[in-house]
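In case you want the letters, here they are:
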Amino acid sequence: MSQTVLITREPVINKKNAITANRFVVHAPSILAAVEMLNGLADVWPAIHPFFVSLGRLVPTEEILAWTPPPNAMIEIPAPALAYEQTQALIPQLQAADINLCLSWYRPDIPLPAGSEFRFVLADANKITQPKALPGIALATGLADMAAFNLAIKAGYDGASGWFFLHGFPPTKKISGSHAHIVRLLNLVRNEAEVREIEAALKVDVALSYKLLRYINSAGFGLMVEVQSFRHAVTILGMDKLNKWLSLLLVSASKDPSAPALMQAAITRGRLMEIIGGMLLDKKETDNLFIAGAFSLIHLLLGATMESVLEGMSLPEAVTDVLVHGEGIYKPFLDLAIACERLDANAVSEQVEKLQVSPADVSRALVTAVTFADNVQFG
């Protein structure tokens, strides 16, 4: 692309702490540059949940009609943009095309055009404390932590958009017995123990065995045949791939009410790092990059310190370096994944320059990673 376009994202969480949508913010110099990027991602958009597309601080105009959105896409209209005739003229055209709209940056003093309908309304919960009158499903923004989220729900919000769920949980000192069992399995696989020994450990927890096989047979894994047993999985995949999927089991083992959002975030980080790493590092490193990204939130998921979670785990040195010490060869990849969770395009640009990768490749990797994470069933 001749003009740099970057995408950042944040999840939308409902009252039950589950992912209800994904919000992508396109940072582009023009609507046409944004449309070029959006159309180029047609094959990787997530399909399970709706997703919002924000054009950042650009004023939405008729040029956005050159994008062919999938049925589950919604276009955000910033409330301040309603002052422009171009945006007012665009709204009935989008509605005529059966494209759902979201109203962001809501302010009660900004009049809405006659006949406009908004499925969701994003409002700053610090300023709009009574959301009942919002012209759509009310989603809170500007939340600092889970305590603020709970207050917003009590006030009448239907959910929230943002990364508030990463904050507000004091860790305990050690992980639970069920999590420790998965750690033991991971160590057996990493140390290439006998298959019968690993099978015996899996049989202790039938639900765990079922979950592992369901993950491996999911659409995201892309196998052409159904894996029927752990021994079959070893034959087809090998220990390295199984290590990755047992790591996924550990990430998805939490029963905390906020866990679904954390799981999606962790798996998205891992998959993004894996994809970008595949462009720059040896193939043997990519599974470890996935684990590093997925484990970057493991302390929040398991309610323990990072040191206590990783204690006794046979992880590669590069994974431990980035997770415990914040250094090493995987650090730039994790920094990029975290930057993609911010609404600051400059933060992403800085990491893109450090890794010397294409901005378009990063945006595609991000959307692909979200789609991958959405396809993982946590139940």
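Residues numbered from 1 in each chain as written. Predicted model: local features only at pLDDT ≥ 70, side-chain atom pairs only at ≥ 80, totals over all residues. Heavy atoms only, no water.

J.: So what's going on with the packing of helix α14 (residues 331–339) against helix α15 (residues 345–355)? Which residues, and what values?
T.: The contact between α14 and α15 brings their axes to 9 Å, and the two run at 155°. When the axes of α14 and α15 are compared, the pair comes out roughly antiparallel. In this structure, the crossing between α14 and α15 has a hand that is left-handed. Here Pro-332, Phe-333, Asp-335, Leu-336 and Ala-339 of α14 lie close against α15, whose contacting residues are Ala-347, Val-348, Gln-351, Val-352 and Leu-355. Residue classes in the contact of α14 with α15 are distributed as eight nonpolar, one polar and one charged. (Axes fitted to C-alpha atoms, helices over the stretch in contact; angles between N-to-C directions. Helix = DSSP H or I, 4+ residues; strand = E, 2+ residues; numbered from the N terminus. Parallel < 35°, antiparallel > 145°, perpendicular 65-115°, else oblique. Left-handed = near helix turned anticlockwise from the far one by under 90°. Contact = heavy atoms within 4.5 Å. Nonpolar A, V, L, I, M, F, W, Y, C, P; charged D, E, K, R; others polar.)

J.: How would you summarise the sheet that holds strand β6 (residues 120–124) if you had to cite specific residues and measurements?
T.: Spatially, eight strands are ordered β1-β2-β3-β4-β5-β6-β7-β8 in a closed barrel, and the strand pairing comes out mixed. In this sheet, adjacent strand axes meet at a mean angle of 30° when their direction is disregarded. In this structure, strand β5 (residues 100–104) lies alongside β6, joined through two bridges in parallel fashion. Bridge assignment links Cys-102 to a residue of β6, and that residue is Phe-120. (Pairing = 2+ DSSP bridges.)

J.: Requested: an account of the pattern of salt bridges, with residues and values cited.
T.: Inspection of the entire model under this criterion finds 11 salt bridges. Here Arg-107 makes a salt bridge to Asp-109, at a shortest N to O gap of 2.8 Å. A relative accessible area of 40% means that Arg-107 is categorised as partly exposed. The class for Asp-109 is exposed, based on a relative accessible area of 53%. Residue Glu-341 pairs with Arg-269 through a salt bridge whose shortest N-O separation is 2.8 Å. Linking Glu-341 in the loop between α14 and α15 with Arg-269 in helix α9 (residues 259–280), this pair joins segments that are 72 residues apart in sequence. For the residue pair Glu-341 and Arg-269, the accessibility class agrees, reading buried in each case. (Salt bridge = Lys/Arg side-chain N within 4 Å of Asp/Glu carboxyl O. Buried < 20%, exposed > 50% of the residue type's maximum accessible area, 1.4 Å probe, protein only.)

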